[in-house]
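Summary of the model geometry
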Amino acid sequence: MAARGKKLINDPNDVVTQFIEGLAETYPCLQYLDGFPEVKVVLRSDVAVGTYDKVAVICGGGSGHEPAHGGFVGQGMLTAAVSGDVFTSPPVNSILAAIRAVTGPKGCLLVVTNYTGDRLNFGLAAEEAKSEGYKVEMVIVGDDCALPPTQGIAGRRGLAGTILVNKVAGAAADACLPLEEVAEQARHAAKLVGTVGVALSVCTLPGQEISERLGPEQIELGLGIHGEPGIAVTEHQRVDAVVTHVVKQILSLETRYVPITRGDRVILLTNGLGATPIMELMIATRKAVRELQLEYGITTDRVYTGSFMTSLDMQGFSISIMKSDTTILQWLDASTKAPCWPAGTDGDRQKPAKVAVPAPPSCAIKSDKMLQQSRELTKEGCILEASIEAGAKEIIRIKDSLNEWDSKVGDGDCGTTMHRGAIAILDDMKKCYPMNDAAETVNEIGATVRRVMGGTTGILYDILCKAAYASLKGIKTVEAKHWANALQASICAISKYGGARVGYRTMLDALIPASEILRERLEAGDDPLDAFVVSSEAAMTGAESTRHMQAQAGRSSYIAADKLASAPDPGAMAAAAWYRAVALSLKSAWCHSKP
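What you are looking at is a predicted structure, and each value in this text was computed from that prediction instead of being measured. (Residues numbered from 1 in each chain as written. Predicted model: local features only at pLDDT ≥ 70, side-chain atom pairs only at ≥ 80, totals over all residues. Heavy atoms only, no water.)

What follows is about the overall build of the protein chain. Within the protein chain, the regular secondary structure consists of 19 helices and 13 strands. Whereas a compact globule of 595 residues would reach a radius of gyration of roughly 25 Å, the protein chain reaches 25 Å, a difference of no more than 12%. By its C-alpha atoms, the protein chain is 85 × 55 × 45 Å across when sized along the principal axes. Put simply, the protein chain has 595 residues, and 55% of those count as buried. Look at the contacts in the protein chain between residues 6 or more apart in sequence, and 75% of them connect residues 24 or more apart. When the accessible surface of the protein chain is summed, it comes to about 24,900 Å², and 52% of that surface belongs to carbon and sulfur atoms. Charged side chains of the protein chain number 59 positive and 68 negative; the gap between the two group centres comes to 2 Å. (Helix = DSSP H or I, 4+ residues; strand = E, 2+ residues; numbered from the N terminus. Rg over C-alpha atoms; globule rule 2.2 N^0.38 Å. Buried < 20%, exposed > 50% of the residue type's maximum accessible area, 1.4 Å probe, protein only. Contact = heavy atoms within 4.5 Å. Areas by Shrake-Rupley, 256 points an atom, 1.4 Å probe, with all protein chains shown as cover. Lys, Arg positive; Asp, Glu negative; His and termini not counted. Charge placed at Lys NZ, Arg CZ, Asp CG, Glu CD.)

Across all of its chains, the model carries five aromatic pairs by this definition. Ring centres of Y304 and W341 lie 4.9 Å apart, and the angle between their planes is 50°; on these two criteria the pair is classed as tilted. A residue pair is termed long-range when its members are at least 10 positions apart, and Y304 in strand β11 (residues 299-306) and W341 in the loop between α8 (326-333) and β13 (354-355) qualify at 37 residues. Judged on exposure class, the residue Y304 and its partner W341 are both buried. (Phe/Tyr/Trp six-rings, centres within 6.5 Å; stacked < 30°, edge-to-face > 60°.)

On to unusual backbone geometry, then. Omega for the peptide link from F36 to P37 comes to 5°, which places this bond in the cis form. Position of P37 among the secondary structure elements: in the loop between β1 (30-33) and β2 (41-44). Along the chain, A68 connects to H69 via a cis peptide bond; the corresponding omega equals 0°. If you check the backbone angles, C176 has positive phi at about 70° while not being a glycine. Residue placement: C176 occurs in the loop between α4 (161-174) and α5 (179-191). Positive phi values are uncommon outside glycine, yet L312 reaches one of about 55°. Tracing the sequence through the fold places L312 in the loop between β11 and β12 (316-323).

By secondary structure assignment, the location of A125 is in helix α3 (residues 116-131). When the C-alpha positions of A125 and G215 are compared, they lie 42 Å apart, and in sequence the two are 90 residues distant. Discounting residues that sit within four places of it in the chain, A125 has contacts with V92, I95, L96 and I99.

Before going further, it helps to examine the pairing of β11. Summarising the sheet, strand β10 (residues 265-272) and β11 pair through seven bridges and their orientation is parallel. Among the inter-strand pairings, T270 is bridged to a residue of β11, identified as T305. Regarding the hand of the β-α-β motif, the stretch spanning β10, helix α7 (residues 278-296) and β11 is right-handed. (Pairing = 2+ DSSP bridges. Right-handed = clockwise from strand over helix to strand, strands pointing away.)

We now examine the packing of helix α16 (residues 508-523) against helix α17 (residues 528-544). Between α16 and α17, the shortest axis-to-axis distance is 7 Å and the interhelical angle comes to 150°. Taken together, the axes of α16 and α17 are roughly antiparallel relative to one another. The handedness of the crossing between α16 and α17 comes out as right-handed. For the pair α16 and α17, the contacting residues are D509, A510, P513, A514, I517, L518, R521 and L522 in the first and P528, A531, F532, V534, S535, A538, A539, G542 and A543 in the second. (Axes fitted to C-alpha atoms, helices over the stretch in contact; angles between N-to-C directions. Parallel < 35°, antiparallel > 145°, perpendicular 65-115°, else oblique. Left-handed = near helix turned anticlockwise from the far one by under 90°.)

What follows is about the UniProt feature "active site" (unreviewed entry) in the protein chain. In the UniProt entry, the feature "active site" (unreviewed entry) is given for H226. Judged by relative accessible area, which is 13%, H226 ranks as buried. A polar atom in the side chain of H226 sits 3.5 Å from the side chain of H65. (UniProt positions renumbered as here; feature names shortened; annotations may be inferred. Polar contact = N/O pair within 3.5 Å; in protein donor to acceptor, adjacent residues only side chain to side chain.)

When the terminal C-alpha atoms of α5 are compared, their 19 Å separation across 13 residues agrees well with the 18 Å that a helix rising 1.5 Å per residue should span. Buried within α5 are the following residues: L179, V182, A183, Q185, A186, A189 and A190. Down the axis of α5, the buried set is contained in an arc of 160°. They therefore lie on one face. Buried positions along α5 lie against β5 (108-113), β6 (136-141), α4, β7 (193-199), β12 and α8. (Expected span 1.5 Å × (residues − 1). Arc of directions from axis to C-beta.)

So, about helix α2 (residues 92-102). When you tally the buried positions in α2, you get 10 out of 11 residues, the bulk of the element. Of the residues making up α2, those classed as buried are V92, S94, I95, L96, A97, A98, I99, R100, A101 and V102.

Here we come to the side chain of K40. The residue K40 is located in the loop between β1 and β2 in this model. Engagement of the side chain of K40 in a polar contact is seen with the backbone oxygen of P37, the distance being 2.6 Å. Polar side-chain contacts of K40 include one of 3.2 Å to the side chain of D85. Once residues within four sequence positions are removed from consideration, K40 is found in contact with V16, T17, I20, A81, V82, S83, G84, D85 and S94.

The next subject is the pattern of salt bridges. Applying the stated criterion across every chain, the model contains 23 salt bridges. In this structure, the salt-bridge partner of K7 is D313, at a minimum N-O distance of 3.1 Å. Taken together, the residues span a long stretch of sequence, with K7 in the segment before α1 (15-26) and D313 in the loop between β11 and β12 at a distance of 306 residues. Classification of D313 by relative accessible area gives partly exposed; the value is 29%. We note a salt bridge from R450 to E128, for which the minimum N-O separation is 2.5 Å. Note that R450 is positioned in helix α13 (residues 438-452) and E128 in helix α3, a separation of 322 residues in sequence. Here R450 falls in the buried class, since its relative accessible area comes to 10%. Residues joined in a network through salt bridges with shared partners are E128, R450, D462 and K466. (Salt bridge = Lys/Arg side-chain N within 4 Å of Asp/Glu carboxyl O.)

Rendered as structure tokens:
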């Protein structure tokens, strides 16, 4: 049996918040929002809410990559950093809190690493912030050069090159450029940088068992920063040979991921992944500089070596190479007080480490009278309540199966995440769901899952609920055709923001067949209850069919096809399970409600 990794922590659930507290106590230029545990935001201590007179630059993502991103907050770099739980995208509300805390009239730029959950959460936060009157731009960084170009819609992962993009964006903003120009400078930098990583060990999540994926004499090439497998496993080699391979991969003429050719000048960043001594990083840097000069005729204008974007306690390193030009050098050389940028920082604390989370511009709070009226359920309200309860309980029942499937094709927590959402829905529905109003109830479900689920799954279900709410809003008596329209609207929204379609091995492979059959049976004049049941069978069939699909989206897109065939997509199975439970409950509840 694998042993648990030894960590200098208290509770695994508190590692991120306690890290932030220590960070703010260490560096006087930093504060954090008083919104733990959901809102985990580090911000500059010299920026007051709503008064900042330059473009704010915000980055973030899952924790476990320290010092990214909180360690790069400071004058001349990031204005704020948003942290999720370990390897989990930060929730929308946390991102919104950061935007509200530091964005002034000049607007803000969101720099986002190219992971599905980060794109969705930051994307929805950007849209909500715009609706509140903020000016927001977003730049996606995908600098991974290890993956082949045909890698589905997920695309190239965001790695340590993001740190260089953050420095460029922060310096451009500090120079008082307008939002559009700051965004353009960041996009320009993102196009010029490529990264490849190498691991000697697999990282260990707080409270989890030590992975035995890599043998004592093996190393992994082309890995991500979330513990996912690399592109290839090979025998341990001298570091010079490893660096030669990495540089060749970044500068490959086949992929042409970076526009760098013989005679160009570049910036080199050697990044430790968490447990690599600085001595070994310097040895790798030495070889990389010589390899570029002697083999490619490329001169290094700047060299940065250290731990910038880690993967918890992983042994290994990544190399990032960015094409140099006069403007890029100007931004990289600009002064910054970000504590973990190589320039360092100084100064005394002027303000307390902790400040309050800014409230939204307006909060819709239901009165006690409204909530009381919403609990006096009509027949339709009772049926809706029973159906939601049935769907949530089915997710709770299959939690272990979802986790088992996800352990084979993902990161193993799909069941736990869905279970957390189901439990919260059962709790909230008794307190604040206005069951007599179908649209508002769906909207509240979205708020629940956003609050508790996190990651890609939570944001996708929130988008699903928001789209369904928009479709149902204003309809006094919701009928089967309205639910069919709402389901179709939800599918369109998920596809728009997540990029998935049928055949991509996602929840849509369950929901799209269900939607098509439902509309087909309703248009044919079938009994609506029978139509729902038949469509739920189509959902289950679609979910099962994902065993034979190559993933085109999410972390499964990085897994080999033969490994994916061992299990269906857990997200599709979860969607099919709650949909079928709801359909069967609808028929049962309606039949029992007849006089």
